[in-house]
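Tertiary structure, described
Listed below, chain by chain, are the residues.
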Amino acid sequence: DLNCLYALDAWSLAQAADILDKHAESEDYLREYERMRELINTQLWNSREGFYFDRYWDGRWSTRKAASNFYPLLARIPDERRALLMLRRLLNPREFWGEYVLPTISRDDPAFNDPKNPGRQYWRGTIWPPVNYLVYQGLKAYGFDPVAAEFARKSAQLFLRSWTNFQLCPENFHPLTGESGGNRYQSWGPLFALMAVEEYLDFSPWEG
């Protein structure tokens, strides 16, 4: 996730520098973006699994499938074939899809079903607005508009249920019940609603 956010930063700074007629700086940032894109694709794409994974310093692959593993879409790292493989994982109800999305760890991960963690607190399955928002932007970047629209609808409904019934703007949500969790009022809670607004306006920064 951090590598992808860094790559996206480099690309965004290149766009800003170009607008400001700082073309040499723009080219430097674009080179950094392309360097990171190549490294992520060569070092973090697991061709056997058809998915991006974290790696340990000794080269071993992590087996954990997290919501943040979809961040390569946000930075436009994969080619179309890889992006479609990632979309298939996202829509797999045994892993990430369902009535309430997007769990921070896949539904088939032992941490998700840990009996000592029935509340799925924090990074063991809870649903977080900033994570959903970034994954939504990744779907829009690749033109996966029908999936993005459904993703935005599910997210907005999850937020509005807590807001309408209890006037809560929560930190996160339970992936099985949709109940609010964490802080009762968190600044990033309305990102769920913002997804719906952007979808309604058909706004995407990737289209110019």
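Reading the values: rules and limits
Residues numbered from 1 in each chain as written. Predicted model: local features only at pLDDT ≥ 70, side-chain atom pairs only at ≥ 80, totals over all residues. Heavy atoms only, no water. Salt bridge = Lys/Arg side-chain N within 4 Å of Asp/Glu carboxyl O. Helix = DSSP H or I, 4+ residues; strand = E, 2+ residues; numbered from the N terminus. Axes fitted to C-alpha atoms, helices over the stretch in contact; angles between N-to-C directions. Parallel < 35°, antiparallel > 145°, perpendicular 65-115°, else oblique. Contact = heavy atoms within 4.5 Å. Nonpolar A, V, L, I, M, F, W, Y, C, P; charged D, E, K, R; others polar. Core = buried A, V, L, I, M, F, W, Y, C linked by side-chain atoms within 4.5 Å. Buried < 20%, exposed > 50% of the residue type's maximum accessible area, 1.4 Å probe, protein only. Arc of directions from axis to C-beta. Patch = residues over 30% accessible without salt bridge, like charges linked within 9 Å, V, L, I, M, F, W, Y side chains within 5 Å. Areas by Shrake-Rupley, 256 points an atom, 1.4 Å probe, with all protein chains shown as cover. Phe/Tyr/Trp six-rings, centres within 6.5 Å; stacked < 30°, edge-to-face > 60°.

1. Describing the pattern of salt bridges
Across all of its chains, the model carries 11 salt bridges by this definition. Ionic pairing is found between Glu49 and Arg89, a salt bridge with its closest N-O pair at 3.2 Å. Placement of Glu49 in the loop between β1 (45–46) and β2 (51–52) and of Arg89 in helix α4 (residues 80–90) is noted, with a sequence separation of 40 residues between them. A salt bridge links Arg60 to Asp58; the nearest nitrogen and oxygen atoms lie 2.8 Å apart.

2. Regarding the packing of helix α5 (residues 129–141) against helix α7 (residues 191–201)
Orientation of α5 relative to α7, taken along the N-to-C sense of each, is 25°, at an axis distance of 8 Å. With respect to each other, α5 and α7 are oriented roughly parallel. Within the contact between the two elements, α5 uses Pro129, Pro130, Asn132, Tyr133, Tyr136, Gln137 and Lys140 and α7 uses Leu191, Phe192, Leu194, Met195, Glu198 and Glu199. Of the residues contributing to the contact of α5 with α7, the split by class is 8 nonpolar, 2 polar and 3 charged.

3. A few points about the nonpolar core
In terms of nonpolar packing, the biggest core is built from 49 residues, with Phe70, Leu90, Leu102, Leu139 and Phe151 touching the most fellow members. Looking at this core, the elements with two or more residues in it are α1 (2–19), α2 (23–43), β2, α3 (71–74), α4, α5, α6 (145–166) and α7. Each residue touching Leu139, except ones within four places of it in the same chain, is listed here: Leu73, Leu87, Leu90, Phe144, Val147, Ala148 and Phe151.

4. Observations concerning α7
Every buried residue of α7 is accounted for by Phe192, Met195 and Glu198. Axial view of α7: buried residues confined to an arc of 120°, hence all on one face. Opposite the buried face of α7, by more than 90 degrees, sit the exposed residues Tyr200 and Leu201. At its buried positions, α7 is contacted by α5, α6 and β3 (172–173). Just beyond α7, the residue with positive phi is Asp202, at close to 55°.

5. What about a nonpolar patch on the surface?
Judged by side-chain polarity, Leu194, Val197, Tyr200, Leu201 and Phe203 come together as a nonpolar surface patch covering roughly 560 Å² of accessible area. Mapped onto the secondary structure, Val197 falls in helix α7.

6. Description of unusual backbone geometry
A cis amide bond links Val101 to the next residue, Leu102, at an omega of 15°. Of note in this structure, Gln167 is not a glycine but carries a positive phi near 55°. Relative to the helices and strands, Gln167 resides in the loop between α6 and β3. A positive phi angle, near 55°, is found at Asp202, a position not held by glycine. Inspection of the secondary structure assignment puts Asp202 in the segment after α7.

7. Some remarks on the packing of aromatic side chains
Following the criterion strictly, the structure yields 10 aromatic pairs and no others. A centroid spacing of 5.3 Å and a plane angle of 65° characterise the contact between Phe51 and Phe70, whose relative ring orientation is edge-to-face. Within this pair, whereas Phe51 is found in strand β2, its partner Phe70 is found in the loop between β2 and α3, the two being separated by 19 residues in sequence. Residue classification places Phe70 among the buried residues on the basis of a relative accessible area of 1%. With 6.1 Å between their ring centres and 35° between their planes, Trp97 and Phe151 make a pair best called tilted. Taken together, the residues Trp97 in the loop between α4 and α5 and Phe151 in helix α6 connect sequence positions 54 residues apart. Note on Trp97: relative accessible area 14%, which makes it buried.

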